[in-house]
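Here are the chains, one letter per residue:
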Amino acid sequence: MLKLTHGPSGRHFLQIPGPTNVPDRVLRAIDNPTIDHRGPEFGVLGRKVLAEIKLIFKTKGPVVIYPASGTGAWEAALVNTLSPGDRVLMFETGHFATLWREMASKLGLAVEFVPGDWRHGVDPLAVETMLAQDRGHQIKAVMAVHNETSTGVTSRIGDIRKAIDRARHPALFMVDTISSLASIDYRHDEWGVDVTVAGSQKGLMLPPGLSFNAISDKALAAHKTARLPRSYWDWSAMLAANQTGFFPYTPATNLLYGLREALAMLAEEGLAQVFARHARHAEATRRAVRAWGLELNCEDPREQSGSLTAVRVPEGHDEAKLRAVALDRFDLSLGQGLGKLKGKVFRIGHLGAFNDLTLCGTLSGVEMSLGLAGIPARTGGVAAALEFLASQP
Ligand SMILES: Cc1ncc(COP(=O)(O)O)c(C=O)c1O
C-alpha cells in the first residue's frame, strides 16, 4: 500500500526543490470534472491560460504548454529549432545541464560542453570568448540552465545575453527556467531569449505534468528550416491549435484548471513580491547555514539561488544520513545530492507556496537532524534565521 502521509499527524514537509507544495486553492481547482477538450468551455480556458502564462515569462510571444515533464520541454526546444550535426554550446553547471547535454548528443547535435565545477554558473566572459572565436558562426545555439537545481547556483542570464551581443553572434539562446520561473526574476523578451523551457511543479505551484516553451520570433524562423525529426513536440501543430485555445492532442485538462488558479494567485501577490519573498527566504536560509558553520555550495554571492540552498556536509559525512533522519523523525523531505554532488550536499527547497513559518519549520527540522545524524554543526541556525525574518518584514 502506498503511504502518502508519513507522519501520524500534521502535514508532510515537502522541502525538496520541486515538486513543491501544491496550495489548497490549486488542489481545489484541479478537483473538478474533466471537460470535453474540444468543446467551447475548453476554448475559453485554453485562451485564458495561454494568454496569462506570457506574463510569467515576461514575453509578448507565444508560449506552448505540453502535457509533459520538463524533460519534454527540453527536447521540444531542441527539435523545433536545430538540425542534425548542428554545433551547440552548453555549460557544465551541474546535473541538469549535464542531462540536457546528454539529450542534445543523443539527438545528433554536436555539443561543445564547457567544463564546470558545479559551484558556479555560466561565465558570461567564457560565452563571449567562445562565440567571438567562432567567426564562421558554426555555433547555432547557446544553452544555459538559469537555476541549477542540483547546485543552488543561478546563472546571470541578462549578462550572458550581453556577452552574446558583444560577440555579435547570431546563435539562438535557450534557457532552462524549470526551477526559477515564478521564483527568481526572469525576462524572456528583455533578455533576448529565443526558447525558454519551464515546468509546472516548482514556482508555478502545480503538480508535475505540464511543461512550457516560450518562443521568440527568431526561434520561430529557425523552426521553419530545422530538420531534427519532430512530431509530438512540433510547435506548428501546437501554435495552430492554440490560436483558438485548443490543443492538437489531448491536453492535461485538470492541470490547466490548476494553472489558471496558480496564475491568479501569482497575479494577486504580484511577481515582484513573489521574487522578493523568495529572495528573503533564501537569505534567511543562508544565515542559518552560516550559523551552523556549514558551507554553501554556491561560491559566488552574485549567483546564490533564490529558490533553493545547497549545503555541503563536512568531509567524511554523507548527506543521505541527514535526509533519512529528517524524514524518519520529522516527516521532512530534503533534496538529495545529485550526480557529482551525491553524498556531498543536501538541498533545502524554499520555493513555491511557502511562507516564513514554513521556512522556520524546515530549518528547525534540518537543525535537529544535523545533531541526530552526527554531522558536526553548531546550533543557532534557526535563531539566526528568525532574527533576520523578524527584522525584515
Ligand atoms: C533545472 C532543471 N532542469 C530540468 C529538469 C528536468 O525536469 P523534469 O524532471 O520535470 O523532467 C529539472 C528537474 O528537477 C530541473 O530542476
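Reading guide: rules and limits
Residues numbered from 1 in each chain as written. Predicted model: local features only at pLDDT ≥ 70, side-chain atom pairs only at ≥ 80, totals over all residues. Heavy atoms only, no water. Helix = DSSP H or I, 4+ residues; strand = E, 2+ residues; numbered from the N terminus. Rg over C-alpha atoms; globule rule 2.2 N^0.38 Å. Buried < 20%, exposed > 50% of the residue type's maximum accessible area, 1.4 Å probe, protein only. Contact = heavy atoms within 4.5 Å. Areas by Shrake-Rupley, 256 points an atom, 1.4 Å probe, with all protein chains shown as cover. Lys, Arg positive; Asp, Glu negative; His and termini not counted. Charge placed at Lys NZ, Arg CZ, Asp CG, Glu CD. Pairing = 2+ DSSP bridges. Near = heavy atom within 4 Å. Polar contact = N/O pair within 3.5 Å; in protein donor to acceptor, adjacent residues only side chain to side chain. Nonpolar A, V, L, I, M, F, W, Y, C, P; charged D, E, K, R; others polar. Axes fitted to C-alpha atoms, helices over the stretch in contact; angles between N-to-C directions. Parallel < 35°, antiparallel > 145°, perpendicular 65-115°, else oblique. Left-handed = near helix turned anticlockwise from the far one by under 90°. Salt bridge = Lys/Arg side-chain N within 4 Å of Asp/Glu carboxyl O.

Participant: Explain the overall build of the protein to me, using residue names and the numbers behind them.
Facilitator: Counting its secondary structure elements, the protein contains 13 helices and 14 strands. Since a compact globule built from 393 residues should have a radius of gyration of about 21 Å, the 21 Å found for the protein is in line with a globular shape. Once the C-alpha set of the protein is aligned to its principal axes, its extents read approximately 60 × 55 × 40 Å. Expressed as a percentage of its 393 residues, the buried residues of the protein come to 58%. A separation threshold of at least 6 residues defines the contact pool for the protein, and within that pool the share at least 24 residues apart is 74%. Surface accessibility of the protein: about 16,300 Å² in total, with carbon and sulfur atoms responsible for 55%. Counting 43 positive and 40 negative side-chain charges, the protein places the centres of these two groups 1 Å from one another.

Participant: So, the pairing of strand β3 (residues 87-91): which residues are in play, and what are the values?
Facilitator: Successive side chains on a regular strand alternate, one facing one side of the sheet and the next facing the other. Judged by how many residues are buried, β3 sits mostly within the fold: four of five residues are covered. Pairing of β3 with strand β4 (residues 110-114) involves five bridges; the strand directions are parallel. Within β4, the residue paired with M90 across the bridge is F113. Pairing of β3 with strand β5 (residues 139-145), which is carried by three bridges, proceeds in the parallel orientation. By the bridge assignment for β5, V88 is matched with A141.

Participant: Tell me about the environment of V313, and please be specific about residues and values.
Facilitator: Within the secondary structure, V313 is located in the loop between β12 (308-312) and α11 (319-330). On the basis of relative accessibility, which here comes to 10%, the residue V313 falls in the buried class. Distance from V313 to K344, taken between C-alpha atoms, is 5.7 Å for residues 31 residues apart in sequence. Setting aside its immediate chain neighbours within four residues, V313 contacts D318, E319, G343, K344, F346 and I375.

Participant: For the environment of M368, give the residues involved together with the corresponding values.
Facilitator: The residue M368 is located in helix α12 (residues 356-372) in this model. The partly exposed category is assigned to M368, whose relative accessible area is 43%. Spatially, the C-alpha atoms of M368 and L322 are 9.7 Å apart, while their sequence positions differ by 46 residues.

Participant: Before we move on, could you go through the site of the ligand and cite the residues and values that matter?
Facilitator: The environment of the ligand is made up of S69, G70, T71, W74, F96, V145, N147, T149, D176, I178, Q201 and K202. T71 is positioned such that a nitrogen or oxygen atom in its side chain is 2.5 Å from an oxygen atom of the ligand. Contact distances for the ligand include 2.8 Å between an oxygen atom and a side-chain N or O atom of Q201. Look at the ligand: alone it shows 390 Å² of surface, and the protein chains cover 86% of it. No other element matches helix α3 (residues 70-79), which puts three residues into the shell around the ligand. Residue composition of the shell around the ligand, by class: four nonpolar, six polar and two charged.

Participant: For the packing of helix α2 (residues 40-57) against helix α9 (residues 253-269), give the residues involved together with the corresponding values.
Facilitator: Between α2 and α9, the least distance of the axes is 10 Å, while the angle of their chain directions is 45°. Put simply, α2 runs oblique to α9. In terms of crossing hand, the pair formed by α2 and α9 is left-handed. Here F42, L45, K48, V49, E52, I53 and I56 of α2 lie close against α9, whose contacting residues are T253, L256, Y257, L259, R260, L263 and L266.

Participant: Give me the sheet that holds strand β11 (residues 295-296): which residues, what numbers.
Facilitator: One open sheet holds the three strands; their spatial order is β11-β12-β14, and the pairing between them is antiparallel. The open sheet has two edge strands with one neighbour each: β11 and β14 (345-349).

Participant: Which residues make up the pattern of salt bridges, and what are the values?
Facilitator: Tallying each qualifying case throughout the model produces 23 salt bridges. When the shortest N-O distance is used, the salt bridge between R161 and D165 registers 3.0 Å. Taken together, the residues span about one helical turn, with R161 and D165 both in helix α6 (residues 157-166) at a distance of four residues. You can call D165 partly exposed: its relative accessible area is 44%. Between R286 and E283 there is a salt bridge, with its nearest N and O atoms 3.0 Å apart. Residue R286 and its partner E283 are both found in helix α10 (residues 271-292); the two are separated by three residues, about one turn of the helix. Grouping residues by exposure puts R286 and E283 together as buried. Put simply, K58, D185, R187 and E190 are held in one network by salt bridges that share partners.

Participant: Can you tell me about the packing of α11 against α12, naming the residues and giving the values?
Facilitator: Interhelical geometry of α11 versus α12 gives an angle of 115° and a closest axis separation of 9 Å. When you trace α11 past α12, the crossing you get is right-handed. Side by side, α11 and α12 meet where L322, V325, A326, R329 and F330 of the first sit next to G365, V366, M368, S369, L370 and L372 of the second. Partitioned by chemical class, the residues of the contact of α11 with α12 number eight nonpolar, two polar and one charged.

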